[in-house]
Amino acid sequence: MVCRTDLLAALALTLLLAGCTAGTDASVPLSPSVPTRAAPAEPAPEATAAPPLTVPAEPTQLPSASATDSAPTPLPAPDALVTLRENGVFLGDGWGSEAVQVLALESAAGIAFRSPRLAYIANQAIFVADPLGAPAHPVADAPPSFLLGPDLVWTADGKALLTIADREDANAQQTGSSIDIGLVAVPGGGWRPGLALADRAGASILRAESASGQVLLVAWGSEPSFQQVLRYDLATGQAAGSLPIAGQGEIIASPDGKLALTSLYNEAKGANEDVLYDLTDAAATVRQRLPLRADTHTAGRLWSPNGDRIAYLLREGRTPGEEQTQGLGLYLWDLKQAKATKIADVTDPAGGPVAWTPDGRYLVFRQSDAAGANAFYALDTTDNTLRRLPLDPASRILGWLPQAQ
């Protein structure tokens with residue numbers, strides 16, 4: 001899923017679990033680059049494939065109130081759903097039934113779940129816990145700059161955490177802040193500084209293989225647009241290269257780290273389009289484009305576990321920052337078939353995808369019910385059946401973890 005700042009919050013992107021799970025190929029030849037202020041994004045090269053929008057005449061309807069108590073087919077494995085509600089972590093069955101509180105996080109921030117461990121910041125320290133039983137324990141002190149904007153991201157190997165924080169910087173003439181990225185070895189090893197991004201309002205981590213390797217990221221300037229993805233060496237804190245990727249707003253990498261998804265506004269067509277870039281190519285070739293209707297944009301974009309589909313909510317409005325009045329449906333973008341298909345009539349502009357089950361069969365999303373209350377639904381992407389889940393509407397889904405046999 002970034003460093004949360006006031007600038008990025010203005011984008012009003014849908015709340016997601018942010019796991020940054022994409023990757024990078026260290027063998028790709030890249031030209032050295034030092035980060036500069038992001039300029040307004042220019043349209044990228046033409047795509048090699050342009051998927052048409054395919055909309056079925058009758059997408060899946062939300063279940064009626066009389067049918068909402070039916071549960072989906074149980075998950076193939078005995079997984080447990082981990083959710084966050086207020087300051088408590090709850091553990092239920094695969095669909096959240098009979099959930100019990102297993103952790104109290106107090107006033108936690110920067111929550112990052114990577115099965116089976118949960119990391120968070122509380123009382124100026126970084127904690128790691130196992131919701132299945134291992135108690136929370138501090139692994140490092142949080143640096144002072146965390147008081148302005150804490151965030152945590154697991155490395156791909158699960159052996160370290162990246163700490164990302166913005167701090168006030170009197171020398172930052174454009175943004176008034178800079179970004180500090182540090183590292184914490186897990187289970188223990190203390191915090192150490194990694195790299196500093198001067199005069200930046202925020203950073204989005206695409207992938208970090210390990211604490212001793214490289215990190216692929218976007219650094220935001222005073223505008224929510226960018227023209228390059230940067231590569232840094234975490235051991236030295238030095239810039240190691242860049243990829244010519246232009247985008248606006250959110251950028252998320254595929255689970256295997258080979259593709260990156262972001263948005264661009266096509267001035268010639270007067271409409272937004274979502275763009276897939278190849279992260280393994282030094283030229284960052286555009287692999288597919290998703291053209292959108294005028295005055296619409298995508299929200300809550302979510303990669304499937306194997307990276308072959310992207311779920312999203314289509315919404316009215318040119319940008320996520322505009323006042324939201326209408327959701328235009330839940331869609332699946334099938335990358336193999338190069339097309340997007342409407343799969344459910346979701347009209348709640350604050351709704352949208354929140355999680356895929358680990359097997360990639362079910363897509364969980366939020367939507368207001370007929371009474372106006374929020375609810376979670378699970379859509380079976382194999383047959384488009386839809387059921388309401390027994391979750392508190394104030395919950396946040398963190399993910400699934402296997403229970404002991």
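Just so it is clear, the structure is predicted and the values come from calculations on it, not from any experiment. (Residues numbered from 1 in each chain as written. Predicted model: local features only at pLDDT ≥ 70, side-chain atom pairs only at ≥ 80, totals over all residues. Heavy atoms only, no water.)

**Focus on the confidence of the model for the chain**
Then, in step 1: Averaged over all residues, the pLDDT of the chain equals 81, while 78% of them reach at least 70.
Then, in step 2: Across residues 1-59, where pLDDT falls below 50, the model places 176 contacts with residues more than four positions away in sequence or in other chains.
Then, in step 3: Low pLDDT (under 50) marks residues 63-69, which in the prediction has six contacts with non-local residues, meaning those over four places away or in another chain. (pLDDT = per-residue confidence, 0-100. Contact = heavy atoms within 4.5 Å.)

**Observations concerning the pairing of strand 24 (residues 327-334)**
Then, in step 1: Counting buried positions along strand 24 yields eight of eight residues, so the element is predominantly enclosed.
Then, in step 2: Of the strand pairs in this sheet, strand 23 (residues 309-316) and strand 24 are connected by six bridges, and their pairing is antiparallel. If you follow arginine 315 over to strand 24, its bridge partner there is glycine 327.
Then, in step 3: Two elements, strand 24 and strand 25 (residues 339-344), share five bridges in a ladder whose sense is antiparallel. Along strand 25, the bridge assignment pairs tyrosine 331 with lysine 342. (Buried < 20%, exposed > 50% of the residue type's maximum accessible area, 1.4 Å probe, protein only. Helix = DSSP H or I, 4+ residues; strand = E, 2+ residues; numbered from the N terminus. Pairing = 2+ DSSP bridges.)

**Concerning the sheet that holds strand 7 (residues 125-129)**
Then, in step 1: Strand order in the open sheet formed by four strands is 5-6-7-8, and the pairing between neighbours is antiparallel. Two strands close off the open sheet at either side, each with one partner strand: strand 5 (109-114) and strand 8 (137-141). Here the strands of the sheet are splayed against their neighbours by 20° on average, with no regard to which way each runs.
Then, in step 2: Looking at chain direction, strand 7 and strand 8 are connected through four bridges and run antiparallel. Looking across to strand 8, one finds that isoleucine 126 is bridged to alanine 140. (Axes fitted to C-alpha atoms, helices over the stretch in contact; angles between N-to-C directions.)

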